[in-house]
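Results of the structural survey
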Amino acid sequence: MSPSIITLDTIKSGLWMSKGENPFWVKVIGDQVFWLGMNKHTDEVPNGSKWCHVGHRSIKGNLIYFNWSYIPVGKDQMYGAITIKIINSSTMKVIENSGNFGKSKWQWVSKKKNFNELKANN
C-alpha cells in the first residue's frame, strides 16, 4: 500500500490544539500557511499572556517550514523556525523547532472558534 499524498485541500484551516492544549489558529491560502498560537487559558493565566506567536510559510509536500515570532502581547520574546509534518487532514506533528514547542502532535478541533469560546481545561 503506498503512502497517501497530502494535498492542499486536505489541510484543514481553523483551530488546532497542541498536545499541551495550547491553541493554534491555522489558515491555508493556496500553498501558504498562516498561524497564530498562544498559551492556553487557565484560571490563573489568560490566553496569550505568557506567549503569543505568529508564523507564515509555504507547504512543500507534507511539510510546513514556518518562520515564527512573538508578538508583543505575551511575556516571551522568542522567534525562530519550526518544521511541521502533515500526517493527515486533522493531525500534524512538530519534527524540528528552535523554540520550546517540543515534538508534539497538533490536532484539528474546529473550523471556527474564537477566544471567548476557549475555556480553562478545554
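Everything quoted here is computed from the prediction, not taken from an experiment. (Residues numbered from 1 in each chain as written. Predicted model: local features only at pLDDT ≥ 70, side-chain atom pairs only at ≥ 80, totals over all residues. Heavy atoms only, no water.)

**Details of the side chain of Asn-39**
Inspection of the secondary structure puts Asn-39 in the loop between β3 (32-38) and β4 (52-60). Note on Asn-39: relative accessible area 4%, which makes it buried. Reaching out from Asn-39, the side chain makes a polar contact with the backbone nitrogen of Trp-51 at a distance of 3.1 Å. (Helix = DSSP H or I, 4+ residues; strand = E, 2+ residues; numbered from the N terminus. Buried < 20%, exposed > 50% of the residue type's maximum accessible area, 1.4 Å probe, protein only. Polar contact = N/O pair within 3.5 Å; in protein donor to acceptor, adjacent residues only side chain to side chain.)

**A look at the sheet that holds β3**
Around the barrel, which closes on itself, the eight strands sit in the order β1-β2-β3-β4-β5-β6-β7-β8 with antiparallel pairing between neighbours. On average, adjacent strands in this sheet sit at an angle of 30° to one another, irrespective of strand direction. As defined by bridge partners, strand β7 (residues 91-97) adjoins strand β8 (residues 105-110) across three bridges and the pair is classed as antiparallel. Bridge assignment links Thr-91 to a residue of β8, and that residue is Gln-107. (Pairing = 2+ DSSP bridges. Axes fitted to C-alpha atoms, helices over the stretch in contact; angles between N-to-C directions.)

**Overview of the environment of Lys-105**
Tracing the chain through its elements places Lys-105 in strand β8. Separated by eleven residues in sequence, Lys-105 and Val-94 have C-alpha atoms that sit 6.4 Å apart. Setting aside its immediate chain neighbours within four residues, Lys-105 contacts Met-17, Ser-18, Lys-19, Ile-87, Thr-91, Met-92 and Lys-93. (Contact = heavy atoms within 4.5 Å.)

**Looking at the confidence of the model for the chain**
Here the chain shows a mean pLDDT of 83. Residues at 70 or above account for 87%. Ignoring residues within four places in sequence, the model shows residues 1-6, a span with pLDDT below 50, making six contacts including any to other chains. (pLDDT = per-residue confidence, 0-100.)

**With respect to the nonpolar core**
Counting 18 residues, the largest nonpolar core has Ile-64, Ile-84, Met-92 and Trp-106 as the members making the most contacts within it. Only β2 (23-29), β3, β5 (63-70), β6 (79-88) and β7 provide two or more residues apiece to this core. The contacts of Trp-106, once residues within four sequence positions are left out, are Trp-16, Met-17, Ser-18, Phe-24, Trp-35, Ile-84, Ser-90, Thr-91, Met-92 and Val-94. Counting residues in hydrophobic clusters, the runner-up holds six residues, among them Leu-15, Trp-25, Cys-52 and Leu-118. (Core = buried A, V, L, I, M, F, W, Y, C linked by side-chain atoms within 4.5 Å.)

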